[in-house]
Number of protein chains: 2
Amino acid sequence: MGSRANGVGSSSANGPVDKGVDFANYFCTYAFLYHQKEMLCDRVRMDAYYNAIFQNKHHFQGKTVLDVGTGSGILAIWSAQAGARKVYAVEATKMSEHAQNLVKANNLQDIVEVIEGSMEEVVLPEKVDVIISEWMGYFLLRESMFDSVIFARDHWLKPTGVMYPSHARMWVAPIRSGLVDQKKNDYEGAMDDWYGFIEDTKNYYGVEMSVLTKPFSEEQEKYYLQTSLWNNLHPHQVIGTAAIIKEIDCLTATVNDILQVRSTFSSAISMEHTRFCGFGGWFDVHFRGRREDPAQQEIELTTAPSTNNGTHWGQQVFLLHPPTHVDEGSNLNVSFSMDRSKENHRLMEVDFHVKISQPSGMILPPIKKKFYVE
Amino acid sequence: MGSRANGVGSSSANGPVDKGVDFANYFCTYAFLYHQKEMLCDRVRMDAYYNAIFQNKHHFQGKTVLDVGTGSGILAIWSAQAGARKVYAVEATKMSEHAQNLVKANNLQDIVEVIEGSMEEVVLPEKVDVIISEWMGYFLLRESMFDSVIFARDHWLKPTGVMYPSHARMWVAPIRSGLVDQKKNDYEGAMDDWYGFIEDTKNYYGVEMSVLTKPFSEEQEKYYLQTSLWNNLHPHQVIGTAAIIKEIDCLTATVNDILQVRSTFSSAISMEHTRFCGFGGWFDVHFRGRREDPAQQEIELTTAPSTNNGTHWGQQVFLLHPPTHVDEGSNLNVSFSMDRSKENHRLMEVDFHVKISQPSGMILPPIKKKFYVE
């Protein structure tokens, strides 16, 4: 679930997540029906899960299911409609009350049991055949909700059980975007304004504030230039080959596997005379079942740049200023790394290291930049 | 300090404020220089405090001062420049580090001691002659920061000490505003959209969601119609006499005095053929010193609707839909009450009860409405 909530979580580098703070920063947005509706109106998302379930009824008929983070209850309801014997629908927020009403209004209260609580704390009466969850955040891992799905799997999935989705991948591609100019202008406008403010404060109020210029510019730079942006990229904005930077098998991944993402890849520029403005990041998930019990119909949910099939996740855009003029035949050698923020385990810090070689053979000075996924 | 931070605080109806949650919801915005700058750029605010201090140097020369919630340190710096012997500048966020640098850059480190911590926890070496603070939130009491000023006063102000500001008042007046139509349209647009969503979800996904219509409409109604708005009212929008609904003597007020605001008042409509669209609320503070040691120059800081002297506080607007047609000679009898939210002591709940009598003598059915100041 992509969420534009301002803050997202909490963690002490030295200790466990404070639950009250985690709720104030993260969970609380999901208690709003408006937010649930936004996700329920995402047709690409809805179609993918609907088809994954109803075109693979053999995984659900007569089976037990756990829906991690049920929200409004939609996946739990579909699982029941597809023939599940019993569905446990776990939801940490008071949205669980609405899920309960929805279950009743659809006459499924004998099959779907809504449980309010965090996945790490609830106790189920039995292990389940299927764990279904829509846990994906912006750029897949923002919000770190998959941790809770892993916990659920390790505690409540039968050895023969199936994960819905079964696989997830992160993608990165070089892009062009007018945002690179816009954000630079925003930053420079903020600094111009600041210098006027420094002058005025000295002249009118007798206080010399220029010692704050450096931290202010750092704060503004982080906000305008170093924070990844939500954007709905057009496929035409992708200017080179996209690379898979992470692959996750939802049946076997550990939290350790996803604490860090490290990838080195090449990307060949495929567009003539264009500006390399940075990178776009997105994800896809697949519903393949498991080797011993595969899906009859494999379904894909992708959030790649698309003309008609955009999702509420959009893509995450990492802008590199100034843009670099590149051409068909230019090549990027990229090192990517992503770690969780120390202050907030649900947010990320990303590093890009880019070496550009031009068609002429010239190799440009490497570009290194750190970004915050907030 | 007015702050548009989404959440603002926390409280359990049964226990003390959780500090981590309070920080996540409230204090954290004040750690940003961008936010401090917004307040430092408020010329009306800056002029009032500047003049209050420098036109009353007798209160500062050779005296000890406590600045509660020093932020960037501006009031502490001015107090030192006005001749204070020693200034304690207390700030709960990491903004205190910037305040420290500002003090040093203005060569006042021998006078101003910046202390990072909450007012309720810091220990000062001595009691002070003056407590200065800019604690006012939207509509005066939003953020409930005055609690911390009261604490400081009760623990750290000498018996002969002076409060800056010394007095505060809350005002309410009937207004006209196009926002009443805009918000109603926004709400109705959201509901139209919802009904389409219900249809689609039934037709495409086989789930009957109309049981959620009532809670959704309540959520949207609260958001669009029952939450007070920040607005910069023009004086022409005030259509009747303004009333003082609360008066605070900063030297003697207790937290108990400000937990509730109760007021009954009349307002005579002073505009011909207009629409009564609700109420505007604002505040003023005064710097009068104390009876035994008065200001030489009394300064006023008002946030009343103004053509040229608007502040970052704006006013709080409480919209009543549908608007009522009123005329010169119409009269409003108003009961106002304000309490702190149980979930969050820094946010407020307001009730208006309005009886309108028209010039003809006709008395309209009473209007009762609850609002959230968030």
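Note that the coordinates shown come from a computational prediction; the quantities given were computed from them, not determined experimentally.

Q: I'd like to hear about the pattern of salt bridges, residue by residue, with values.
A: When their charged atoms lie close together, side chains carrying opposite charge are able to pair. Residue and element names in this part refer to chain A. Within this structure, the stated rule accounts for 44 salt bridges over all chains. Residue D154 is joined to R153 by a salt bridge in which the shortest nitrogen-to-oxygen separation is 3.0 Å. Between K202 and E208 there is a salt bridge, and its shortest N-O distance comes to 3.7 Å. Because the salt bridges share partners, they merge into one network encompassing K94, E97 and E116.

Q: Which residues make up the relation of the copies chain A and chain B, and what are the values?
A: At an RMSD of 0.0 Å, chain A and chain B line up after a rotation of 180° and a shift of 0.0 Å along the axis. On the angle and the small slide along the axis, the relation comes out as a two-fold axis. If distances are taken from each C-alpha of chain A to the rotation axis, the shortest is found for V21 of chain A, at 2.4 Å. In this assembly, 100% of the residues forming the interface of chain A have copies in chain B that are likewise at the interface, indicating an isologous arrangement.

Q: Kindly report on the sheet that holds strand β9 (residues 260-268) of chain A, identifying the contributing residues and their values.
A: Residues and elements named next belong to chain A. Strands sit in the order β9-β13-β14-β15 across an open sheet of four strands; the sheet is antiparallel. Of all strands in the sheet, those with a lone pairing partner are β9 and β15 (367-373), marking the two edges. Strand-to-strand twist in this sheet, taken as the mean axis angle between neighbours without regard to direction, amounts to 15°. In this structure, β9 lies alongside strand β13 (residues 331-340), joined through nine bridges in antiparallel fashion. Residue pairing for β13: S263 is matched across the bridge by F336.

Q: So, the side chain of K369 of chain A: which residues are in play, and what are the values?
A: Residue and element names in this part refer to chain A. Its place among the elements puts K369 in strand β15. With no salt bridge to any partner, buried K369 finds its closest opposite charge in E221, at an N-O distance of 6.4 Å. From its side chain, K369 meets the backbone oxygen of L319 in a polar contact 3.1 Å long. Among all residues touching K369, those that are not within four sequence positions of it are L225, Q226, L319, L320, V350, D351 and F352.

Q: Quick one: what's the story with the interface of chain A and chain B, residue by residue and with numbers?
A: Interfaces are often described in size by the accessible area the parts lose on coming together. Contact with chain A, which involves 41 residues of that partner, is made by 41 residues of chain B. Interface area, chain A with chain B, both sides summed: about 3600 Å², of which 68% is carbon and sulfur. Looking only at chain A, the three residues that lose the most surface to chain B are L33, K37 and Y205 of chain A, adding up to 19% of its buried area. Viewed at the interface, chain B and chain A are joined by two salt bridges. With a closest N to O distance of 2.5 Å, D193 of chain A and K37 of chain B form a salt bridge.

Q: Any details on the sheet that holds strand β5 (residues 157-164) of chain B? Residues and values, ideally.
A: Residue and element names in this part refer to chain B. Read from one edge of the open sheet, five strands run β3-β2-β1-β4-β5, paired in parallel fashion. The sheet terminates laterally at β3 (112-116) and β5, the two strands that pair on one side only. Strand-to-strand twist in this sheet, taken as the mean axis angle between neighbours without regard to direction, amounts to 20°. In the sheet, strand β2 (residues 86-91) pairs with β3 via five bridges, with the strands oriented parallel. Across the sheet, residue A89 finds its bridge partner in β3, namely V114. Helix-sheet contacts for helix α6 (residues 146-156) involve β1 (64-68), β4 (128-132) and β5, and the interaxial angle to β5 is about 150°.

Q: Go over the packing of aromatic side chains with me, naming the residues and quoting the values.
A: Under the defined criterion, the tally for this structure stands at 46 aromatic pairs over all chains. Measuring from ring centre to ring centre gives 5.6 Å for Y205 of chain A and Y50 of chain B, while their planes differ by 65°; the resulting arrangement is edge-to-face. Separated into two different chains, Y205 of chain A in helix α7 (residues 179-205) and Y50 of chain B in helix α3 (residues 43-54) make up a pair that spans both. Take Y205 of chain A: its relative accessible area is 4%, and that puts it in the buried class. Given a relative accessible area of 22%, Y50 of chain B falls into the partly exposed group. Ring geometry for F139 of chain B against F336 of chain B: centres 6.1 Å apart, planes inclined by 90°, an arrangement best described as edge-to-face. Here F139 of chain B, found in the loop between β4 and α6, pairs with F336 of chain B, found in strand β13 (residues 331-340); they are 197 residues apart in sequence, far enough to count as distant. Across this residue pair, the class does not change: F139 of chain B and F336 of chain B are buried. Following the ring pairs from residue to residue traces out a cluster consisting of F139, F276, F279, F318, F336, F352 and F371 of chain A. Sitting over the face of the ring of F197 of chain A, K37 of chain B holds its NZ or CZ atom 6.0 Å from the ring centroid. Sitting above the plane of the Y204 of chain A ring, R43 of chain B keeps its charged end 4.1 Å from the centroid.

The rules we used
Residues numbered from 1 in each chain as written. Chains lettered and ligands numbered in written order. Predicted model: local features only at pLDDT ≥ 70, side-chain atom pairs only at ≥ 80, totals over all residues. Heavy atoms only, no water. Salt bridge = Lys/Arg side-chain N within 4 Å of Asp/Glu carboxyl O. Least-squares fit on C-alpha atoms with pLDDT ≥ 70 in both. Contact = heavy atoms within 4.5 Å. Pairing = 2+ DSSP bridges. Helix = DSSP H or I, 4+ residues; strand = E, 2+ residues; numbered from the N terminus. Axes fitted to C-alpha atoms, helices over the stretch in contact; angles between N-to-C directions. Buried < 20%, exposed > 50% of the residue type's maximum accessible area, 1.4 Å probe, protein only. Lys, Arg positive; Asp, Glu negative; His and termini not counted. Polar contact = N/O pair within 3.5 Å; in protein donor to acceptor, adjacent residues only side chain to side chain. Buried area = accessible area lost by both parts, 1.4 Å probe. Phe/Tyr/Trp six-rings, centres within 6.5 Å; stacked < 30°, edge-to-face > 60°. Lys NZ or Arg CZ within 6 Å of the ring centre and 35° of its normal.

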